[in-house]
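Fold and contact review
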Amino acid sequence: DTHLHSHYSRATSPNLNLEYLWLWAQIKGIHVVGTGDFTHPGWIKELKDVDIPKVGVTGNHDYDFHMNEDQSDMLKKIGAVNLHLNTFEHMGVRFSGFTGEIGYIYAENHAPYYKGGDMDAMRNELSKLENQEPCDVFITHFPSVDTHDMPHILGHKGIKAFRDYIDRVKPKHHFHGHMHKPMSS
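Report follows, based on the coordinates. (Residues numbered from 1 in each chain as written. Predicted model: local features only at pLDDT ≥ 70, side-chain atom pairs only at ≥ 80, totals over all residues. Heavy atoms only, no water.)

Moving on: the sheet that holds strand 6 (residues 173-176). Strands sit in the order 3-4-5-6 across an open sheet of four strands; the sheet is mixed. Each edge of the open sheet carries a strand with a single partner, namely strand 3 (87-90) and strand 6. Here the strands of the sheet are splayed against their neighbours by 25° on average, with no regard to which way each runs. The pairing of strand 5 (residues 137-140) with strand 6 spans four bridges and is classified as parallel. Along strand 6, the bridge assignment pairs phenylalanine 138 with histidine 174. Relative to strand 5, helix 6 (residues 160-169) is tilted by about 175°, and along the sheet it contacts strand 4 (93-98), strand 5 and strand 6. (Pairing = 2+ DSSP bridges. Helix = DSSP H or I, 4+ residues; strand = E, 2+ residues; numbered from the N terminus. Axes fitted to C-alpha atoms, helices over the stretch in contact; angles between N-to-C directions. Contact = heavy atoms within 4.5 Å.)

Have a look at this one:
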C-alpha cells in the first residue's frame, strides 16, 4: 500500500509508526513505503526527522485550510523532493510525478470547476507530460484513466494525460492515491 496513514489517524494501530513500517518492510522485502494525507503535525515531525530519501507529490487536500492552516508546502515540511514534473534518481531508480490538485480532472474534461482556477493553465501543465523524461516509478495523486478510477464520478475519474505518459515511457510502476472505495450500506 503506498497510501498508508499513520498512528495519528482514526481507527489505525498505534504501531503504524515509522519503526514498525520499516521493520515489516524489511521482513516482506519491500523497498518503497508510502504515506498519504500526512497533515497531522506529529506525523510531519516524525517524517521530517527520519534520515531517508523522501519523494512525493502533493494531494488534493494538502492546501485545504482545514488540513493545512498555514498553506505551506507539505513536502517541504518533511524535507521531501517534489516530483511534480520533476525527476529524482536514487540507487539507479528514476522517480517522476504529477501533483494532485483536483482541478486537473475538471480541466482535462473541460468541466466547470467549483473552486474556479485557470483551466487553460491546468491543461497546459498537463500537456508538459508530453515532454517529461522517462522514469521507472511514476507517482501521482490521481490514477490514470481506466486504472482504478471511477469514471462515473468526475472527481474520481482518471487522467488521460497520465495514461498517455505511461503508454509512452512505460514506467515499471505507477503509484497513485486518492481513490477510496465507496462505503457500503
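Here threonine 147 is to be found in the loop between strand 5 and helix 6. At a separation of 2.7 Å, a polar atom in the side chain of threonine 147 contacts the side chain of arginine 163. (Polar contact = N/O pair within 3.5 Å; in protein donor to acceptor, adjacent residues only side chain to side chain.)

Within helix 2 (residues 41-49), the full set of buried residues consists of Gly42, Trp43, Ile44 and Leu47. Contacts made by the buried residues of helix 2 are with helix 1 (18-28) and helix 3 (74-78). (Buried < 20%, exposed > 50% of the residue type's maximum accessible area, 1.4 Å probe, protein only.)

Enumeration according to the criterion identifies five aromatic pairs in this entry. For the ring pair phenylalanine 98 and tyrosine 104, a centre distance of 5.0 Å and an interplane angle of 75° mean the geometry is edge-to-face. Here a set of aromatic residues connected by ring pairs shows up, and it is made of Phe98, Tyr104, Phe138, Phe162 and Tyr165. (Phe/Tyr/Trp six-rings, centres within 6.5 Å; stacked < 30°, edge-to-face > 60°.)

Bridge count for strand 3 against strand 4 is four bridges, and the pairing is antiparallel. Within strand 4, the residue paired with glutamate 89 across the bridge is arginine 94. Counting the residues that bridge the hairpin from strand 3 to strand 4 gives two residues, and of these methionine 91 lies at a positive phi of roughly 50°.

Here we take up the nonpolar core. Among the nonpolar cores identified, the biggest contains 21 residues, and Leu126, Leu129, Phe138, Ile159 and Phe162 are the most heavily contacted of them. Where this core is concerned, the elements lending two or more residues are helix 4 (103-108), helix 5 (119-127) and helix 6. Counting residues per element, this core draws most heavily on helix 6, at five residues. Once residues lying within four places of it in the same chain are set aside, the contact partners of phenylalanine 138 are Ser96, Gly97, Phe98, Leu129, Phe162, Tyr165, Ile166, Pro171, His173, His174 and Phe175. Counting residues in hydrophobic clusters, the runner-up holds eleven residues, among them Leu16, Phe38, Trp43 and Ile44. (Core = buried A, V, L, I, M, F, W, Y, C linked by side-chain atoms within 4.5 Å.)

A word on helix 6. Listed as buried for helix 6 are Ala161, Phe162, Tyr165, Ile166 and Val169. Axial view of helix 6: buried residues confined to an arc of 135°, hence all on one face. Residues of helix 6 that are buried in the fold lie against strand 4, helix 4, helix 5, strand 5 and strand 6. One or two residues past the end of helix 6 sits lysine 170, with phi positive at roughly 55°. (Arc of directions from axis to C-beta.)

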